[in-house]
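# Report on the structure
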Amino acid sequence: MLEDYFREMPIEEILTGLKFAKNRWSAKDAGVLKVGRKSIIQKEVHSVTNEQAQWRLKNWKMMISNYRRRGYSYPTISRIKKILIEKSKKKSK
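Together, Met 1, Leu 2, Tyr 5, Phe 6, Met 9, Ile 11, Leu 15 and Leu 18 make up a nonpolar patch on the protein surface, roughly 870 Å² of accessible area in all. For the nonpolar patch, the secondary-structure elements that each account for two or more residues are helix H1 (2–8) and helix H2 (11–30). Leu 15 sits in the exposed class, given a relative accessible area of 53%.

What follows is the structure in structure tokens.
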């Protein structure tokens, strides 16, 4: 398989891919690999009840500061808010 890659691809492309893979492996091995935005959002909202969502929205400025302290970007925070709004509108079971 490696022989095919070397035959078909320019060496610069192979080295770029290997550098990316090495950096990712090093980060994973060190335990500092950042998870994707989708999993961050799921972690924040997956078990939030209707009442909890309403409380978080009422105290949104405090929630923003908590999220920023954790290093979340503003697009991630706005996606969390969007899901919380949806959850707050649903009736509790």
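Residues Ile 40, Ile 41, Val 45, Val 48, Ala 53, Trp 60, Met 63, Tyr 67, Tyr 72, Ile 77, Ile 80 and Leu 84 constitute the largest nonpolar core, which totals twelve residues. Counting only elements with at least two residues in this core, the list comes to helix H3 (37–45), helix H5 (60–69) and helix H6 (74–89). Setting aside residues no more than four positions away along its own chain, Tyr 72 makes contact with Ile 40, Lys 43, Glu 44, Tyr 67, Ile 77 and Ile 80.

Scanning the entire structure with this criterion turns up two aromatic pairs. For the pair Tyr 67 and Tyr 72, a centre-to-centre distance of 5.6 Å together with 20° between the ring planes defines the contact as stacked. With respect to burial, Tyr 67 and Tyr 72 carry one shared label: buried. Put simply, the rings of Trp 60, Tyr 67 and Tyr 72 pair up and form one aromatic cluster. One cation-aromatic arrangement involves Arg 68 over Tyr 74; the distance from NZ or CZ to the ring centre is 4.3 Å.

What follows concerns the confidence of the model for the protein. With 92% of its residues at a pLDDT of at least 70, the protein reaches an overall mean of 87. Within the protein, helix H4 (residues 50–58) carries the highest mean pLDDT (94), whereas H3 carries the lowest (80).

Our focus in this paragraph is the pattern of salt bridges. The final tally for this structure, using the stated rule, is two salt bridges. With a shortest N-O distance of 2.4 Å, Glu 44 and Arg 70 are connected by a salt bridge. Of this pair, Glu 44 sits in helix H3 while Arg 70 is found in the loop between H5 and H6, placing the two residues 26 residues apart along the sequence.

To continue, consider the packing of H4 against H5. Running from amino to carboxyl end, H4 crosses H5 at an angle of 90°, the nearest separation of the two axes being 5 Å. Our classification of the angle between H4 and H5 gives roughly perpendicular. Counted together, Trp 55, Arg 56, Leu 57 and Lys 58 of H4 and Trp 60, Met 62, Met 63 and Tyr 67 of H5 form the full contact between these two elements. Partitioning the contact of H4 with H5 into residue classes produces six nonpolar, no polar and two charged.

Moving on: the packing of H4 against H6. At their nearest, the axes of H4 and H6 sit 8 Å apart, and the two run at 130° to each other. Our classification of the angle between H4 and H6 gives oblique. Two packed elements cross with a definite hand, and for H4 against H6 that hand is left-handed. On the side of H4, the interface is formed by Asn 50, Ala 53, Gln 54, Arg 56 and Leu 57, while H6 contributes Lys 81, Leu 84, Ile 85, Lys 87 and Ser 88.

About the criteria used
- Residues numbered from 1 in each chain as written.
- Predicted model: local features only at pLDDT ≥ 70, side-chain atom pairs only at ≥ 80, totals over all residues.
- Heavy atoms only, no water.
- Patch = residues over 30% accessible without salt bridge, like charges linked within 9 Å, V, L, I, M, F, W, Y side chains within 5 Å.
- Areas by Shrake-Rupley, 256 points an atom, 1.4 Å probe, with all protein chains shown as cover.
- Salt bridge = Lys/Arg side-chain N within 4 Å of Asp/Glu carboxyl O.
- Helix = DSSP H or I, 4+ residues; strand = E, 2+ residues; numbered from the N terminus.
- Buried < 20%, exposed > 50% of the residue type's maximum accessible area, 1.4 Å probe, protein only.
- Core = buried A, V, L, I, M, F, W, Y, C linked by side-chain atoms within 4.5 Å.
- Contact = heavy atoms within 4.5 Å.
- Phe/Tyr/Trp six-rings, centres within 6.5 Å; stacked < 30°, edge-to-face > 60°.
- Lys NZ or Arg CZ within 6 Å of the ring centre and 35° of its normal.
- pLDDT = per-residue confidence, 0-100.
- Axes fitted to C-alpha atoms, helices over the stretch in contact; angles between N-to-C directions.
- Parallel < 35°, antiparallel > 145°, perpendicular 65-115°, else oblique.
- Nonpolar A, V, L, I, M, F, W, Y, C, P; charged D, E, K, R; others polar.
- Left-handed = near helix turned anticlockwise from the far one by under 90°.

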